[in-house]
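Remarks on the overall topology
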Amino acid sequence: MEIINETAIEITHSRLLSRPSVTVDVLRLDRLHPVISGNKWFKLKKYLEQADQSGKKTIASFGGAYSNHIIATAAACHLSGFESMGIIRGEKPQQLSPTLEKAMDYGMKLYFISRDDYRQKRIPDAIAAVDPFIIPEGGYGVPGARGIAEIPFYRHHYNIVCCAVGTGTTLAGLINSKTEGQQVLGVSVFKNNNSLCDEVAALLYDPEQPFSLVHDFHFGGYGRHRPELLEFMNDLFRTDGIPTDFVYTGKLFYGVRQLIDSGFFREPCRLLLIHSGGLQGNQSLGKGKLIF
Ligand SMILES: *Cc1c(COP(=O)(O)O)cnc(C)c1O
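As a starting point, this report considers the structure included with it. (Residues numbered from 1 in each chain as written. Predicted model: local features only at pLDDT ≥ 70, side-chain atom pairs only at ≥ 80, totals over all residues. Heavy atoms only, no water.)

Focus on the layout of surface pockets
Within this model, the second largest pocket holds a volume of roughly 220 Å³. Lining the second largest pocket, in full, are Pro243, Leu279, Asn282, Gln283, Leu285, Gly286, Lys287, Gly288, Lys289, Leu290 and Phe292. Looking at the lining of the second largest pocket, its residues break down into five nonpolar, four polar and two charged. (1 Å grid on protein atoms, 1.4 Å probe; cavity = no way out; pocket = protein on both sides within 12 Å on 5 of 7 lines; lining within 4 Å. Points joined across faces, edges and corners; volume = space filled by probe spheres on them. Nonpolar A, V, L, I, M, F, W, Y, C, P; charged D, E, K, R; others polar.)

As structure tokens, this is what we get:
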């Protein structure tokens, strides 16, 4: 079920982040597909295979109004011939977000549930009646991590691989497929997500594998931002031509720059940053804040 050309992945060098002893390159998963961008495709692919093998025709998953996972699921289902249903957090707004509008264009049926029900991942009766294949929120789970481990890697040339962390599925997949001696570092986009380490470890083939998780660059919490983050993202685009999103990848790049400049990486090293996509999420920012 290859609906995406994975061999077209490119690498961009970052002049802004590189230093004499630290080389920074970026794996451009954001360029994979205009809608199913970045890590979302790799997280979804094994679930799609499982759904296919289960004989189910409909896939359901969870997300918020600007969820990259929801839009990617809607598009991937459309392209691979599944019906899709989205269980969306919160009351239905008068004006749907561009993300949800687009998910509907891909044929996804949307069901809005209260924040309480959402927290408990309660499945609306209308969805349960169809008995769909359910993909966990954000694609979290072993199949998600297995898909990530299939990202074609160029990354052997690097000592350190870094990614933004939401559910931790991407980080776990990178740890599971890392080469000997390679380090994997995640930048969390949540404030005080104390269970994250355990959630990552739960997806590892070897739960003893070491990895680093940095919690200092959430800018106030999930989906929060400050002017210096947006300024940095504009700088990065001006210097390197790399667009980022303010929820995940902007915080990753910002965090890695701070780590480099604080001497965190002591030895000369080569870093690969995973650009996990998510650019559509910038639509929730007001116009004019970003130059791309
Ligand atoms: C969903 C997402 C992530 C987080 O991935 P996890 O596997 O949930 O940790 C990172 N970056 C972008 C752009 C995303 O959309």
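There is more to say, and it comes next.
Section: the sheet that holds strand 2 (residues 22-28)
What holds strands together in a sheet is hydrogen bonding between their backbones, with the strands either parallel or antiparallel. The sheet built from six strands is open, its strands ordered 1-2-10-7-8-9 with mixed pairing. In this open sheet, the two strands that pair with only one neighbour each are strand 1 (11-13) and strand 9 (212-214). Looking at each pair of strands side by side, their axes are set apart by 25° on average, direction ignored. For strand 7 (residues 160-165) and strand 10 (residues 269-275), the ladder comprises three bridges, and the chain directions are parallel. Residue pairing across strands places valine 161 opposite leucine 272, the latter belonging to strand 10. (Pairing = 2+ DSSP bridges. Helix = DSSP H or I, 4+ residues; strand = E, 2+ residues; numbered from the N terminus. Axes fitted to C-alpha atoms, helices over the stretch in contact; angles between N-to-C directions.)

Comments concerning the pattern of salt bridges
For the coordinates displayed, the defined rule picks out 14 salt bridges. The partner of aspartate 261 in a salt bridge is arginine 19, and the shortest N-O contact between them spans 2.9 Å. One end of the pair, aspartate 261, is in helix 10 (residues 249-261); the other, arginine 19, is in the loop between strand 1 and strand 2, with 242 residues separating them in the sequence. Given the relative accessible area of 28%, arginine 19 is considered partly exposed. Across the pair arginine 122 and aspartate 117 runs a salt bridge, and its minimum N-O distance is 2.6 Å. Assessed through its relative accessible area of 42%, arginine 122 is described here as partly exposed. Taken together, the shared-partner salt bridges in this structure form one network comprising Glu6, Lys45, Lys46, Glu49 and Glu150. (Salt bridge = Lys/Arg side-chain N within 4 Å of Asp/Glu carboxyl O. Buried < 20%, exposed > 50% of the residue type's maximum accessible area, 1.4 Å probe, protein only.)

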